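The chain contents come next:
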Amino acid sequence: MLVFRIATQADVSLLASMNERLMRDEGNRSRLTRQSLEPRISRWLAGDYTAAIFSLDREPIGYALWKPKSDHVHLRQYYVEPAFRRKGYGKAGIELLMNNVWGEFARVRLEVLVGNEAGLSFWKSIGFEDYCVTMELQMGNDPRLEK
């Protein structure tokens, strides 16, 4: 049975390791390493963010990192180890948080990189809908910008 616990500063290395794999899996262009992610995650946990670590038979299989806002929860990161994907654990983790932690909020918001087709498919499969699109212009050596 999937269970969760709220992460502490003692979990920063584990969270950073999973965050590094999350960034690789989602196609994030950041090249931050576990070592460079640790101080950032530590600051987040010391601030307004909360993380939950999901475990199956005491083995960590994923995590969620979120921040409460005035009218919603901003889910910044969500990760399930590849060996445990497509088995219902991702959805079960969200349900655990909705039923045990996020109950006072009407909405959960998150961002998904447009190239992360597996992520987009997962979130839509559990009921998330498109809300907004963030667009970007690459500055610099782009010939389309030169006139």
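The coordinates are above.
Residues numbered from 1 in each chain as written. Predicted model: local features only at pLDDT ≥ 70, side-chain atom pairs only at ≥ 80, totals over all residues. Heavy atoms only, no water.

> How would you summarise the nonpolar core if you had to cite specific residues and measurements?
Counting 18 residues, the largest nonpolar core has W66, L75 and Y78 as the members making the most contacts within it. Contributing elements (two or more residues each) for this core: β2 (50-56), β3 (59-68), β4 (73-80) and α3 (89-100). If near-sequence neighbours (up to four positions away) are discounted, L75 is found in contact with A64, L65, W66, I94, W102, V108, R109, L110 and W123. Core analysis: the next-biggest nonpolar cluster, separate from the first, contains 17 residues, A7, L22, L37 and I41 among them. (Core = buried A, V, L, I, M, F, W, Y, C linked by side-chain atoms within 4.5 Å. Buried < 20%, exposed > 50% of the residue type's maximum accessible area, 1.4 Å probe, protein only. Helix = DSSP H or I, 4+ residues; strand = E, 2+ residues; numbered from the N terminus. Contact = heavy atoms within 4.5 Å.)

> Explain unusual backbone geometry residue by residue, including any values.
Not every positive phi belongs to a glycine, and R58 is a case in point at roughly 70°. Structurally, the position occupied by R58 is in the loop between β2 and β3. Under the relative-accessibility criterion, R58 is labelled exposed at 83%. Not every positive phi belongs to a glycine, and R86 is a case in point at roughly 60°. In this fold, R86 is placed in the loop between β4 and α3.

> Give a description of the environment of L96 that names residues and reports values.
Examined against the element boundaries, L96 turns out to sit in helix α3. Residues L96 and H72, 24 residues apart in the sequence, show an inter-C-alpha distance of 17 Å. Sequence-distant contacts of L96, defined by excluding residues within four places in its chain, comprise L2, V3, F4, F54 and V101.

> Account for the pairing of β4, with residues named and values stated.
The buried fraction of β4 amounts to seven of the eight residues, a majority that puts the element mostly inside the structure. Sheet topology note: the β3/β4 ladder contains seven bridges and is antiparallel. Looking across to β4, one finds that L65 is bridged to Q77. Between β3 and β4, which follow one another and run antiparallel, lie four residues. Two elements, β4 and strand β5 (residues 108-110), share three bridges in a ladder whose sense is parallel. (Pairing = 2+ DSSP bridges.)

Without other data, these values stay purely geometric and don't point to any function.
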